[in-house]
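# Survey of secondary and tertiary structure
The lines below spell out each chain.
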Amino acid sequence: TLAGPPYNGYPTFSSPVALAQAAKDAGFDIMTTANNHCLDRDKQGLESTIQALDSLGIPHLGTYINQIEHDNSHPMTVYLDCIKLALLNYTYGTNGRLVEEPNIVNYIDTVAMQRDLDKAKAEGHDFIITLIHWGIEYDTRSSAEQEYLAKWLLEHGSDAVMGSHPHVVQNFTVDAIPDNDRYPEIVVYSMGNLVSNQRKINTDGGIMIEMDLRKTGDKTVVTDCHYLPYWVYRGTIDGLYQYYILPSNDAMANRRKYQINREDYKALKLFSKSTRARLDSCALNNGINILERR
């Protein structure tokens, strides 16, 4: 939430606009804004976040100033060469805070999601990705509710589902619809923390997901999928914390290069081992698996 000063962390967040600029400079092209903290500063916070992203030229989806802006830009369309990609974004809630008119927050609502999926298909999108904020915090396994909703999304037109919110890496599934005769479909229930101050077991890292898509005629399929594990290293400079997103395999192999002390190296090893074990145990289906990117 880019709500301006006073800047604050948990439980009601507000970050400076410089954070969004830094993310853009680092290579982030699109941002989702529908999450349980998007109303931490109520109407002013929601609108200032949107205005800040607009001022930086960063496309975004999930929250909107009004219904017209929502209808004009959701689902979001992204062109990747010859592939017309649709992005959808929803959140389970906003920590009890109510959205004020005319603002819009995309909540998890099967009626609204059905309408959005139908719109994406009617507009001729080749591949639909749903980015969803859901699940039980710190639980390393998907819940029954997540699994039900993932199956519903796939059955109603989404081709891939990418989850966030639990702050830990959860399991994934490939081809989550039994007897699916279309093509492999990917569900990543939670990608964990890409960057965070959280230091408890399983919260000090996350994964990126890389999907290769191929379009043949009017059919677009996932031909390959990898996860890239990252660990958040917290160091200090002049007494202030500094956070570094390290590829966990490279950090494991090059501890001296990253100047990781013994205690932090133990945490890195634990994160790498538990994440790999959790994801490598997921089933291979339909010739596609999510393998670790080396």
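Heads up: the structure comes first, above all this text.
These notes cover the structure that comes with them. (Residues numbered from 1 in each chain as written. Predicted model: local features only at pLDDT ≥ 70, side-chain atom pairs only at ≥ 80, totals over all residues. Heavy atoms only, no water.)

### Here we look at the side chain of Asn 89
Mapped onto the elements, Asn 89 comes out in strand S5 (residues 83-91). Within the local environment of Asn 89, its side chain forms a polar contact with the backbone oxygen of Leu 131, the two atoms lying 2.9 Å apart. The contact partners of Asn 89, leaving out residues within four places of it in the chain, are Thr 32, Thr 33, Ala 34, Leu 61, Gly 62, His 74, Asn 106 and Leu 131. (Helix = DSSP H or I, 4+ residues; strand = E, 2+ residues; numbered from the N terminus. Polar contact = N/O pair within 3.5 Å; in protein donor to acceptor, adjacent residues only side chain to side chain. Contact = heavy atoms within 4.5 Å.)

### Some points on unusual backbone geometry
With the exception of glycine, most residues fall at negative phi, and the peptide bonds are largely trans. Going from Tyr 10 to Pro 11, the amide bond is cis rather than trans, its omega being 5°. Residue Pro 102 follows Glu 101 across a cis peptide bond; omega there is 5°. Its location among the elements puts Pro 102 in the loop between S5 and strand S6 (104-105). In this structure, His 167 is a non-glycine residue whose phi angle is positive, near 70°. For His 167, the position within the fold is in the loop between strand S8 (160-164) and strand S9 (172-174). Residue class for His 167 comes out partly exposed when judged on its relative accessible area of 23%. (Buried < 20%, exposed > 50% of the residue type's maximum accessible area, 1.4 Å probe, protein only.)

### Remarks on the sheet that holds strand S10 (residues 186-188)
With mixed pairing, the six strands of this open sheet are ordered in space as S4-S5-S7-S8-S10-S9. In this open sheet, the two strands that pair with only one neighbour each are strand S4 (76-80) and S9. Put simply, the sheet's adjacent strands are angled 15° from each other on average, direction ignored. As paired strands, S9 and S10 are joined by three bridges and run antiparallel to one another. Bridging from a neighbouring strand, Val 174 pairs with Ile 186 of S10. Contacts from helix H4 (residues 110-122) reach S5 and strand S7 (127-133) within the one sheet, and its direction differs from that of S5 by about 170°. (Pairing = 2+ DSSP bridges. Axes fitted to C-alpha atoms, helices over the stretch in contact; angles between N-to-C directions.)

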